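Reading the structure
Residues per chain are reported as follows:
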Amino acid sequence: MTTSTQPLIATPAWQALKAHHQHLAPQRMCEWFDSEPERFSQFSASACGILLDYSKNRITTETMRLLFELAAQEDVAGWRSRLFRGEKINFTERRAVLHSALRNRSNHPVRVAGHDVMPEVNRVLDKMRHFCIKVQSGIWRGHTGEPIRDIVNIGIGGSDLGPLMVTEALRADWLEHIRPHFVSNVDGAQLAQTLANLDPARTLFVVSSKTFTTQETLTNAHSARDWLLQSLGDEGAVASHFVAVSTNREAVSAFGVDPANMFEFWDWVGGRYSLWSSIGLSIALTIGMDNFEVLLDGAHAMDRHFQEAEPEQNLPWIMGLLGVWYSSFFEAGSHAILPYDQGLHRFPAYLQQAEMESNGKCVDRDGNLVNYPTAPVIWGESGTNGQHAFYQLIHQGTRLVPVDFIAPLQCRHGLTHHHPILLANVFAQGEALLRGKNEAEARTELEAEGLSGEALNALLPHKLFPGNRPSNTLLFERLDPFTLGALIALYEHKIFVQGIIWRINSFDQWGVELGKQLAKTILAEMTDPDRPVRHDNSTNALIDYYRNSQKGMGDR
Ligand code: F6P
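Structure report, in brief. What you see as residue numbers is a count from 1 along each chain, following the sequence as written. Local features in this predicted model are restricted to residues whose pLDDT is 70 or higher, and side-chain atom pairs enter the listing and the counts only when it is 80 or higher, whereas totals over whole chains, interfaces and linings include all residues. To obtain the side-chain values, all non-hydrogen atoms of the structure were used and water was disregarded.

Observations regarding the overall build of the chain
Stated formally: A run of H or I in DSSP becomes a helix once it reaches four residues, and a run of E becomes a strand once it reaches two; helices and strands are each numbered from the N terminus. Atoms counted for the radius of gyration: C-alpha only. Globule rule: 2.2 Å times the number of residues to the power 0.38. Summary of the burial criterion: residues with accessible area below 20% of their type's maximum are buried, those above 50% are exposed, and those between are partly exposed, where the area comes from a 1.4 Å probe applied to protein chains only. In this description, accessible areas are obtained by the Shrake-Rupley approach with a 1.4 Å probe, and a residue is regarded as covered only by the protein chains that are shown. Charge assignment in this entry is limited to Lys and Arg as positive and Asp and Glu as negative, and neither His nor the chain termini are counted. The location of each charge is read from NZ of Lys, CZ of Arg, CG of Asp or CD of Glu.
The helix and strand inventory of the chain stands at 23 helices and 13 strands. Taken over the C-alpha trace, the chain has a radius of gyration of 26 Å; the compact-globule value for 556 residues is 24 Å, and the two agree within 12%. Its C-alpha atoms give the chain principal-axis dimensions of about 80 × 60 × 60 Å. Across the 556 residues of the chain, 53% fall into the buried class. Here the chain has roughly 24100 Å² of accessible surface; of this, 52% comes from carbon and sulfur atoms. With 49 positive and 63 negative side-chain charges, the chain shows a separation of 3 Å between the mean positions of the two kinds.

Observations concerning the side chain of H493
Counted only if it meets this: Note on contacts: a residue pair is in contact if any heavy atoms of the two residues lie within 4.5 Å.
Structurally, H493 can be placed in helix α21 (residues 481–501). Contact partners of H493, with chain neighbours within four places excluded, come to F84, R103, M302, D303, F306 and P316.

Notes on the packing of aromatic side chains
Applicable threshold: For this analysis, a ring pair means two rings from Phe, Tyr or Trp (six-membered ring only for Trp) whose centres lie within 6.5 Å, classed as stacked if their planes differ by under 30 degrees, edge-to-face if by over 60, and tilted for the remaining angles. Only when the NZ of Lys or the CZ of Arg is both within 6 Å of the ring centre and within 35 degrees of the ring normal is a charge said to sit over the ring.
Going through the model one piece at a time under the given rule, you end up with 23 aromatic pairs. Relative to Y372, the ring of W14 has its centre 5.4 Å away and its plane inclined at 50°; by these criteria the two rings are tilted. With a gap of 358 residues between them, W14 in helix α1 (residues 12–24) and Y372 in the loop between α16 (347–359) and β11 (377–380) connect regions that are remote in the sequence. No difference in accessibility class separates W14 from Y372, as the two residues are buried. When the ring of F390 is compared with that of Y391, the centres are 5.5 Å apart and the planes differ by 40°; the resulting orientation is tilted. Within the aromatic cluster, the residues linked to one another by ring pairs are W14, W325, Y326, F329, F330 and Y372. Note that R103 overlies the ring of W276, its terminal NZ or CZ placed 4.6 Å from the centroid. One Lys or Arg, K127, reaches over the ring of F263 and ends 5.2 Å from the middle of that ring.

Quick notes on the sheet that holds strand β5 (residues 150–154)
How we decide: Strands are treated as partners if at least two bridges between them are detected by DSSP. Whenever a helix is involved, its axis is fitted only over the stretch in contact; in every case the axis is a line through C-alpha atoms, and angles between N-to-C directions fall within 0 to 180 degrees.
Ordered in space as β6-β5-β7-β8-β9, the five strands form an open sheet in which the pairing is parallel. Each having just a single partner strand, β6 (179–183) and β9 (262–264) make up the two edges of the open sheet. With strand direction ignored, the average angle separating the axes of adjacent strands in the sheet is 20°. Pairing between β5 and strand β7 (residues 203–208): five bridges, direction parallel. Following the sheet pairing, V152 is matched in β7 by F205. Along the sheet, helix α7 (residues 118–137) contacts β5, β7, β8 (242–246) and β9; its crossing angle with β9, the most-contacted strand, is approximately 150°.

A short note on the site of the ligand
How we decide: A cutoff of 4 Å decides nearness: a residue is near a molecule or strand if any of its heavy atoms lies inside that distance of it. Any pair of N or O atoms that falls within 3.5 Å is considered a polar contact. Within protein, one atom must be able to donate a hydrogen and the other to accept it, and sequence-neighbouring residues count only if both atoms are side-chain atoms. Polar here means any residue outside two lists: the nonpolar Ala, Val, Leu, Ile, Met, Phe, Trp, Tyr, Cys and Pro, and the charged Asp, Glu, Lys and Arg; Gly therefore counts as polar.
Residues in close proximity to the ligand total 14 residues, the closest being G158, S159, S209, T211 and T214. Measuring from an oxygen atom of the ligand, one finds a backbone N or O atom of K210 at 2.7 Å. Protein chains bury 88% of the 400 Å² of accessible surface belonging to the ligand in isolation. A per-class count over the shell around the ligand returns two nonpolar, nine polar and three charged.

Digging into helix α19 (residues 439–448)
Note: α-helices contain 3.6 residues per turn, so residues at a spacing of three or four share the same orientation. Where α19 starts, the residue carrying a side-chain oxygen 3.2 Å from the main-chain nitrogen of A440 turns out to be N438. Phi turns positive one or two residues past the end of α19, at G450, with a value near 95°.

A closer look at the pairing of β5
Worth spelling out the cut-off: The definition of a right-handed crossover adopted here requires that, viewed with the strands pointing away, the path from the first strand over the helix to the second runs clockwise.
With respect to burial, β5 is a largely interior element, five of its five residues being buried. Where burial is concerned, the two faces of β5 agree: the one with D150, V152 and I154 and the one with I151 and N153 are both buried. Bridging between β5 and β6 involves five bridges; their strand directions are parallel. Paired with I151 across the two strands is P180, which belongs to β6. Regarding topology, helix α8 (residues 161–169) serves as the crossover connection from β5 to the parallel β6, and that connection is right-handed.

Here we look at the pairing of β11
Here four bridges tie strand β10 (residues 334–339) to β11, and the two strands are oriented parallel to one another. Across the sheet, residue I337 finds its bridge partner in β11, namely G380. A crossover links β10 with its parallel partner β11, the connecting element being α16, and its sense is right-handed.

With respect to the sheet that holds β10
If you trace the six strands from one edge of the open sheet to the other, you get β1-β2-β13-β12-β10-β11, paired in mixed fashion. In the strand order of this sheet, the two ends are held by β1 (44–47) and β11, each with one partner. Adjacent strand axes in the sheet meet at a mean angle of 20° when their direction is disregarded. Summarising the sheet, β1 and strand β2 (residues 50–53) pair through four bridges and their orientation is antiparallel. By the bridge assignment, S46 is partnered in β2 with L51. Sitting on the sheet, helix α18 (residues 419–435) touches β12 (403–408) and β13 (471–476), and the angle it makes with β12 is about 160°.

Laid out in structure tokens, this is it:
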């Protein structure tokens, strides 16, 4: 899939931004706020109930004009049409990228290679609905006739992080008698801890894997099956306690799940974009299918906003361009996601996969090495916890860390008096990052505390805050299924915009393959002490160290 013949950094739009960056980098946002009373209204936009205040960024109207020019030069609008039209823009895997079809609530036909996928999408949604009703009403029973109480999703990466993040975020919507659990790590500790508190007769396993070949998921699924059979004794129990979500019918059958209890999805759904598909089954079982569909409604509303709004009002477009601005021009190596909502505590981890697996690439669409930074490291933690841990570095460290503050105006728990305290902290952090604290201010404070002379001068440098540190603030009424759907889709499209500008394929993930291949070889070597090892001498020594540790283990 070829692109423009001119290297990105040589293009007029990139060069204009580079020159502009040099001129703008020493300027201070605070001064702009003093001279621009309209700055907030100029640099804020809203859609689907989400307000984006991006005024506390190192941007002027000229910056945004140049960024929009870059987007036009790189044909973001054209690529957006190709995305929604179902073209095979994931060209290294020869796949369309159509997670938007999974939440296409308009039901207008969406074609992949001329074939409308909507009837299939709706068929699987119906199947999920019927299954959820059966489980939730107690019609679906375990092997011994008990109703199901515990749902264990076994999956990893996109087959875990999305469902886990969403169910955590929507605890207020949990059905009373269903308890979800998530097992992803091949470290048996996670499965063992989860199973320790469960009654096999009342447990349903949802084995979620697009490929159904993933080592971690299959290892956990087999161990869960053994645990069930040890207790219920009868192979026939598997049918009532295991369902599967996958694109791989043969492998699901080989595992022993009745294909009638398999929920399909399709190769045009990327793993990290799959929570909208039947991979969302554990979400639907936990919050009910109606709420799951409201989540889809929210994402669909954001899809429409992304397709229809002018770039200057378009939230994903703006956030994507700001990401490019900091990553490629300021060379900010990371971006912090700071949700002030305990329910969103897994949102940073979810976005780590979404953004880093999508845009952590060093080769462009033509196969050339890129000579500009692409995706930053995504990290974060819910507020206010992070404030008492790593915010020190964001305020006074040597690195520029752009941040996204995310907060609901209302809480969905009973302790409403906590909420203004939480929100005051969001607003305060944004202001502190913007303004910092200069020498005169710090001096006045220290004098007020009774310090003077050498003692004051010694302490003074430590009390300064450089400020001028950028933040976005995203506010919405409450964290409900609709808003969460829109919020996730906002970030998905932000990632898309960035990938187009960086001229990379955001939808493959070859970078995870090498480690998987090597692990297979090494596992065989670890378990067979006579097998020769042919790696670097460090890896050889580590394998030997392990082999030696196993000698005599059987006698202990
Ligand atoms: O290893 C990376 C990855 O392929 C992710 O992209 C994916 O979400 C995850 O593994 C799980 O894959 P699967 O759903 O096929 O088990």
